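Residue strings, one per chain:
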Amino acid sequence: MDQSNNTEEEPASPDPDDEMHALPSLPPGLSDTEAVELLWQVRAQRRQASPVLPETVTQLQAPDGSVVYLVGTAHFSDSSKRDVAMTIRAVQPDVVVVELCQYRVSMLKMDEKTLLREAKDINLEKVQQAIRQNGVMSGLMQILLLKVSAHITEQLGMAPGGEFREAFREASRVPFCKFHLGDRPIPVTFKRAIAALSLWQKLKLAWGLCFLSDPISKEDVEKCKQKDLLEQTMAEMIGEFPDLHRTIVAERDVYLTYTLRQAARSVEAPPNAQRVPAVVVGVVGIGHVPGIEKNWEKPLNIQEIMSVAPPSRLSRALRTVLKGAVLGALGYAFYRAGGGVGRMLLSLPAVQSLLRPLRPPPF
């Protein structure tokens, strides 16, 4: 057979560095206790006493002696992925905490091509889902912020969250390492952000996000390693809205600090379950690092940043007017299109989703 016509790709050769850091194979016949002790010893041998870590790593100390290695990352940076891998391999942590919540956890297991496609594709289904989860205004704000991420994705050809996926892979290779989601749920963040803005501020911010078009290069990303590109872009958009900065950045600094401190608790070491200080790796956007450092030793109360105030009378009135305007436009469209087309439009999921809250309650 002519090998030049064979279009099948050669299987990728295994990375020796990955194999070296993979979980070891256990000898047959070990009891559970013996296996635990052996894996604990393997991790202890791999853990470097005085690791040489990237400049993007900040070390924080807990009162019980536990240590947090905080890796400040840029969300679209290859070097940030290397920083994460290097840190986890060097310190062999008990816990890895990442700046994600349960609403974004799917990006950990999706492949790069799928993520790249998803990040660029902001379609009707995504709009509907955002509105169902967060309400009309918060949902639309989420879509506009996704547009910022999609713009960077399109410019760079690189899917977001690579450093979190790297952390997930590396954590799975460390014996007994737990993986925690450390960010505040995104619906809470968006609802609090919207509640902090006046109607004029909402319109002004939406206008700026809709017309974001500045070109971005991979060199720009690396130049922004001292301030994550996505967060820098957002900071430029929200700089004139202090309340928005408070809800999107400062409050999440507090929440991330809280989850990191929760993770930095002593752990039980075999064989006698003695409590020993924990080693934690935190992976967050570099823009959050100063806030986490500032809050590290402060008393924290996250309950006050988890609540969402009910909408004001003015907000409810404006929402009613907005929905009325949309229904009026739909009615005119149905009149122009004719009965058959009107019924077809009424059957669309997007229209059904809009009309559902306006239907009178059953008696």
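Now for a quick tour of the structure. Just so it is clear, the model here is predicted, and its values are computed rather than measured.

## Observations regarding the sheet that holds strand S7 (residues 279-285)
- Spatially, S1-S2-S7-S3-S4 is the arrangement adopted by the 5 strands of the open sheet, whose pairing is mixed. The open sheet is flanked by strand S1 (57-61) and strand S4 (178-181), the only strands paired with a single partner. Going across the sheet, the axis of each strand differs from the next one's by a mean of 20°, ignoring polarity.
- Of the pairings in the sheet, the one linking strand S3 (residues 95-98) to S4 comprises 4 bridges and is parallel in character. Looking at S4, one finds that Val96 is bridged to Phe179.

## Notes on the pattern of salt bridges
- Across all of its chains, the model carries 13 salt bridges by this definition.
- Close ionic contact of Arg47 with Asp94 constitutes a salt bridge, the shortest N to O distance being 3.6 Å. Residue Arg47 is located in the loop between helix H2 (32-46) and S1, and its partner Asp94 is located in the loop between helix H3 (78-91) and S3; the two are separated by 47 residues in the primary sequence.
- Judged by its relative accessible area of 27%, Arg47 is partly exposed.
- Between Arg192 and Glu251 there is a salt bridge, with its nearest N and O atoms 2.8 Å apart. Highlighted residues: Arg192 in helix H8 (residues 186-195) and Glu251 in helix H12 (residues 242-263), separated in sequence by 59 residues.
- For Arg192, a relative accessible area of 16% puts it in the buried group.
- The class of Glu251 is buried, set by a relative accessible area of 5%.
- One network of salt bridges, with partners in common, ties together Glu99, Arg104, Asp183 and Arg252.

## Points about the packing of aromatic side chains
- Inspection of every chain in the model, using the stated rule, returns 2 aromatic pairs.
- When the centroid spacing of 5.6 Å and the interplanar angle of 50° are considered together, the rings of Trp40 and Phe176 count as tilted. In this pair, Trp40 is assigned in helix H2 and Phe176 in the loop between helix H7 (162-171) and S4, connecting sequence segments 136 residues apart.
- Overall, the relative accessible area of 18% leaves Trp40 in the buried class.
- Ring geometry for Phe168 and Phe179: centres 5.1 Å apart, planes at 80°, overall edge-to-face. Of this pair, Phe168 sits in helix H7 while Phe179 sits in strand S4; the two residues are 11 residues apart in sequence, bridging distant segments of the chain.
- Stacked on the ring of Trp40, the Lys or Arg Arg43 has its end atom at 4.5 Å from the ring centre.

## A word on the packing of H8 against H12
- Contact geometry of H8 with H12 gives a least axis separation of 7 Å together with a crossing angle of 150°. Here H12 runs roughly antiparallel to H8, going by the angle between their axes. When you trace H8 past H12, the crossing you get is right-handed. Here Thr189, Arg192 and Ala193 of H8 lie close against H12, whose contacting residues are Leu244, Arg246, Thr247, Ile248, Glu251 and Arg252.
- Taken together, the residues of the contact of H8 with H12 sort by class into 3 nonpolar, 2 polar and 4 charged.

## Re the pairing of strand S2 (residues 67-73)
- Of all 7 residues that make up S2, 7 are buried, and the element is covered over most of its length.
- Neither face of S2 is left uncovered, since the one carrying Val67, Tyr69, Val71 and Thr73 and the one carrying Val68, Leu70 and Gly72 both have all their residues buried.
- Both S1 and S2 contribute to a ladder of 5 bridges, which runs antiparallel. Its bridge partner being in S2, Gln59 is matched across the sheet by Tyr69.

Rules of the game
- Residues numbered from 1 in each chain as written.
- Predicted model: local features only at pLDDT ≥ 70, side-chain atom pairs only at ≥ 80, totals over all residues.
- Heavy atoms only, no water.
- Pairing = 2+ DSSP bridges.
- Helix = DSSP H or I, 4+ residues; strand = E, 2+ residues; numbered from the N terminus.
- Axes fitted to C-alpha atoms, helices over the stretch in contact; angles between N-to-C directions.
- Salt bridge = Lys/Arg side-chain N within 4 Å of Asp/Glu carboxyl O.
- Buried < 20%, exposed > 50% of the residue type's maximum accessible area, 1.4 Å probe, protein only.
- Phe/Tyr/Trp six-rings, centres within 6.5 Å; stacked < 30°, edge-to-face > 60°.
- Lys NZ or Arg CZ within 6 Å of the ring centre and 35° of its normal.
- Parallel < 35°, antiparallel > 145°, perpendicular 65-115°, else oblique.
- Left-handed = near helix turned anticlockwise from the far one by under 90°.
- Contact = heavy atoms within 4.5 Å.
- Nonpolar A, V, L, I, M, F, W, Y, C, P; charged D, E, K, R; others polar.

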